[in-house]
Amino acid sequence: MSRKRDVSTLAKHYLGRAPDSLDREETRVLHSFAENQPISRDVGEQAETVSTFWDRLADRVAAIGGSWAFIFTFMAVLIGWMLLNTDVLAHWHMQFDPYPYIFLNLMLSMIAALQAPVIMMSQNRQAAQDRLAASHDYEVNLRAELEIMRLHEKIDAIRIEHLEALTQQQHAMMELLAKRS
């Protein structure tokens, strides 16, 4: 039996659908099922192999920028900047960014303007990884369901064989009893 025919038969038998109505994941599962090949794979590793330097950099920036350590360090720098320009350097009339801290606002705006798209890139990449993982989870779950269905069929076949053997033995015993009477 050809592989295409196997997939067609499996699609109709287990999923109750024509093979051309299956989506990509279901077709992949049925092919692996027909060939008795495993379907599980490391999706995280797969995503890492296609990631570029810039993808990993965006992930790192998002990881650092989204941490409490960054928030506390950044708050300390801001408070230090304000104290330096308000109290310390003002004492010698050397403050380079006096209140209302226009240069500080410019720097914060530039950081926000650069950091936001980088974080969005990282989030888009994470969303793509999540979609890939969800698709893989669906494939593994479908494969498990198909294997369970196959096992049920095998157990049912064994039960039927066993019941047929018992029935044959019972008929043979009945015939022996009939001959003795």
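Just so we're clear, the structure is a prediction, and the values are computed from it rather than from any experiment.

A.B. asks: Mind showing me how you'd approach the packing of aromatic side chains here?
C.D. replies: For any pair of aromatic rings, the description consists of the separation of the ring centres together with the inter-plane angle of the planes. Evaluated as defined, the whole model comprises 7 aromatic pairs. Ring plane angle 90° and centroid distance 5.6 Å describe the contact between tyrosine 14 and phenylalanine 33, whose orientation is recorded as edge-to-face. Taken as a pair, tyrosine 14 in helix 1 (residues 3-15) and phenylalanine 33 in helix 2 (residues 24-34) lie far apart in primary sequence, 19 residues in all. Exposure class is identical for tyrosine 14 and phenylalanine 33. Each is buried. With a centroid separation of 5.4 Å and an interplanar angle of 20°, the aromatic rings of phenylalanine 70 and phenylalanine 74 are classed as stacked.

A.B. asks: I keep staring at the pattern of salt bridges and nothing clicks. Help me out?
C.D. replies: Side chains bearing opposite charge may pair, as long as their charged atoms lie close to each other. Considering all chains together, one arrives at 7 salt bridges under this definition. For glutamate 139, the salt bridge is made with arginine 41, and the minimal N-O distance between the two is 3.2 Å. On the criterion of sequence distance, the pair formed by glutamate 139 in helix 6 (residues 102-180) and arginine 41 in the loop between helix 2 and helix 3 (43-50) is long-range, its members being 98 residues apart. The partner of aspartate 59 in a salt bridge is arginine 125, and the shortest N-O contact between them spans 2.7 Å. Of this pair, aspartate 59 sits in helix 4 (residues 53-65) while arginine 125 is found in helix 6, placing the two residues 66 residues apart along the sequence. A relative accessible area of 12% means that arginine 125 is categorised as buried. Where salt bridges share partners, they join Arg28, Arg41 and Glu139 into one cluster.

A.B. asks: Which parts of the structure should I look at to understand unusual backbone geometry?
C.D. replies: Only a minority of non-glycine residues have a phi that is not negative, and only a minority of peptide bonds are not trans. Look at the link from tyrosine 99 to proline 100: it is a cis peptide, with omega at 20°. Relative to the elements of secondary structure, proline 100 occurs in the loop between helix 5 (68-91) and helix 6. Positive phi is not limited to glycine here, since histidine 93 has a value of about 60°. Within the element layout of this structure, histidine 93 appears in the loop between helix 5 and helix 6. Located in the positive-phi region is tyrosine 101, a residue other than glycine, with phi close to 55°. On the basis of relative accessible area, tyrosine 101 is assigned to the buried category, the value being 10%.

Reading the values: rules and limits
Residues numbered from 1 in each chain as written. Predicted model: local features only at pLDDT ≥ 70, side-chain atom pairs only at ≥ 80, totals over all residues. Heavy atoms only, no water. Phe/Tyr/Trp six-rings, centres within 6.5 Å; stacked < 30°, edge-to-face > 60°. Helix = DSSP H or I, 4+ residues; strand = E, 2+ residues; numbered from the N terminus. Buried < 20%, exposed > 50% of the residue type's maximum accessible area, 1.4 Å probe, protein only. Salt bridge = Lys/Arg side-chain N within 4 Å of Asp/Glu carboxyl O.

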